[in-house]
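Descriptive analysis of the structure
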Amino acid sequence: MYKHILLDLDDTILDFNASETFAFQKVAEDLGVTYSETLLDHYKIYNQSLWHKIEKNELTKAELMTQRFPGFFSQYGIHNLIGQEIDDLFRDYLATGAHVVPGAQQLLIDLKKAGKQVYAASNGIYTTQISRLEQANLIEYFDKLFISEKLGYNKPDVGFFQQVFKQLEPASFDSSIMVGDSLSSDIKGANAVKLPVVWFNPNNISASKNLTIDYQISDLTQLYDILDL
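As the structure is a computational prediction, the values presented were derived from the model and not from experiment. (Residues numbered from 1 in each chain as written. Predicted model: local features only at pLDDT ≥ 70, side-chain atom pairs only at ≥ 80, totals over all residues. Heavy atoms only, no water.)

**Notes on the domain arrangement of the chain**
Partitioning the chain into domains gives domain 1 (4-15 + 99-227) and domain 2 (16-97). Between domain 1 and domain 2, the contact holds 22 residues from the first and 17 residues from the second. For the pair domain 1 and domain 2, the two sides together bury roughly 1500 Å², of which 53% comes from carbon and sulfur. Looking at the side of domain 1 facing domain 2, the largest losses of area belong to His99, Ile125 and Asn154, adding up to 35% of the total buried there. For the interface between domain 1 and domain 2, the tally reads 13 residue pairs in polar contact (both at pLDDT 80 or more). Top element by residues in the side of domain 1 that touches domain 2 is helix H6 (residues 126-135). It accounts for five residues. Of the residues belonging to the side of domain 1 that touches domain 2, the class tally is three nonpolar, twelve polar and seven charged. (Domains from an automatic or database assignment. Contact = heavy atoms within 4.5 Å. Buried area = accessible area lost by both parts, 1.4 Å probe. Polar contact = N/O pair within 3.5 Å; in protein donor to acceptor, adjacent residues only side chain to side chain. Helix = DSSP H or I, 4+ residues; strand = E, 2+ residues; numbered from the N terminus. Nonpolar A, V, L, I, M, F, W, Y, C, P; charged D, E, K, R; others polar.)

Here you go:
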């Protein structure tokens, strides 16, 4: 039986896609850029490329926050942006648009009723994640918040999970499980420390054969059987 539940936040508990769309549209409007879904798609590809660099320790979050918007909008002829100011603005919008994945709040309620220990395990920016959880009225359901910025390691680095379990002693890997949507951070990271893992895959994409996935779900309600709720 799994007693200690590590939950990724973005696109597992918090609907990052919806919040990101809202925040990016507001930033584009503030910059006088005509918003379109194509522009948003290009930004998402660009932004994901930077986050993959963070996962591989090729970029820091501080560098991402100063570089991503000047780098992206320079492709559209907009120069001399102060990266940190635009990033702060974006994350303010992101925090106010705290959308929740369907079923996430009820899952958290039921996990606590069942006596589970519930932890956030996120690579997100600390202040932004805290604000979004508070805005969504979800922060009270978490026993601890493990955010990479505070741990000093990003998923999938084994150091992330080592730091988590150092703080959770005497919790064991056998009584714990990771739930997340990202193959490159959640699944790969859990595999590296042989932690059981649930892949939340609502879009039914294909996974690499090099990864071990103990459970795969497309809806959060499918966790109830896995976690004995």
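Next comes the rest of the write-up.
**Digging into helix H5 (residues 104-113)**
Along H5, the residues classified as buried are Ala104, Leu107, Leu108, Asp110 and Leu111. Along the axis of H5, the buried positions cluster into a sector of 165°, meaning they face one direction only. Next to the buried residues of H5 lie strand S1 (4-7), strand S2 (117-122) and helix H10 (223-226). (Buried < 20%, exposed > 50% of the residue type's maximum accessible area, 1.4 Å probe, protein only. Arc of directions from axis to C-beta.)

**Some words on the packing of helix H2 (residues 37-55) against helix H3 (residues 61-73)**
Helices that pack against each other are described as a pair by the angle of their axes relative to one another and the distance between those axes. Their axes nearest at 11 Å, the elements H2 and H3 cross at an angle of 155°. Taken together, H2 and H3 sit at an angle that is classed as roughly antiparallel. Remark: the crossing between H2 and H3 carries right-handed chirality. Contacts between H2 and H3 pair Leu39, His42, Tyr43, Tyr46, Asn47, Leu50, Trp51 and Ile54 from the former with Lys61, Leu64, Gln67, Arg68, Phe69, Gly71 and Phe72 from the latter. Residues belonging to the contact of H2 with H3 are distributed by class as follows: nine nonpolar, four polar and two charged. (Axes fitted to C-alpha atoms, helices over the stretch in contact; angles between N-to-C directions. Parallel < 35°, antiparallel > 145°, perpendicular 65-115°, else oblique. Left-handed = near helix turned anticlockwise from the far one by under 90°.)

**Remarks on the packing of aromatic side chains**
Enumeration over the complete set of coordinates arrives at 17 aromatic pairs. Here Phe24 and Phe73 contribute two aromatic rings whose centre-to-centre distance is 6.0 Å and whose plane-to-plane angle is 5°, an arrangement assigned as stacked. Taken together, the residues Phe24 in helix H1 (residues 16-30) and Phe73 in helix H3 connect sequence positions 49 residues apart. For the pair shown, Phe24 and Phe73 are each scored as buried. Here the aromatic rings of Phe72 and Phe73 are separated by 5.1 Å at their centres, their planes lie at 75°, and the arrangement is edge-to-face. Through pairs of rings, three or more aromatic residues link up here, namely Phe24, Tyr35, Tyr43, Tyr46, Phe69, Phe72, Phe73, Tyr76 and Phe90. Positioned above the aromatic ring of Tyr126 is the side chain of Lys150, whose terminal nitrogen or guanidinium carbon lies 4.7 Å from the ring centre. The lysine or arginine in question, Lys155, covers the ring of Phe160, its NZ or CZ lying 6.0 Å from the ring centre. (Phe/Tyr/Trp six-rings, centres within 6.5 Å; stacked < 30°, edge-to-face > 60°. Lys NZ or Arg CZ within 6 Å of the ring centre and 35° of its normal.)

**A word on the side chain of Gln129**
Secondary-structure assignment places Gln129 in helix H6. A polar contact of 2.9 Å, which involves the side chain of Gln129, links it to the side chain of Arg132. Aside from chain neighbours lying at most four places away, what touches Gln129 is Leu9, Asp10, Ser122, Gly124 and Ile147.

**Quick notes on the sheet that holds strand S6 (residues 215-217)**
Across the sheet, six strands lie side by side as S3-S2-S1-S4-S5-S6; this open sheet has parallel pairing. Every interior strand has two partners, whereas the edge strands, strand S3 (144-147) and S6, have only one. Ignoring strand direction, the axes of neighbouring strands in this sheet form an average angle of 20°. Sheet topology note: the S1/strand S4 (residues 176-180) ladder contains four bridges and is parallel. Residue pairing across strands places His4 opposite Ser176, the latter belonging to S4. (Pairing = 2+ DSSP bridges.)

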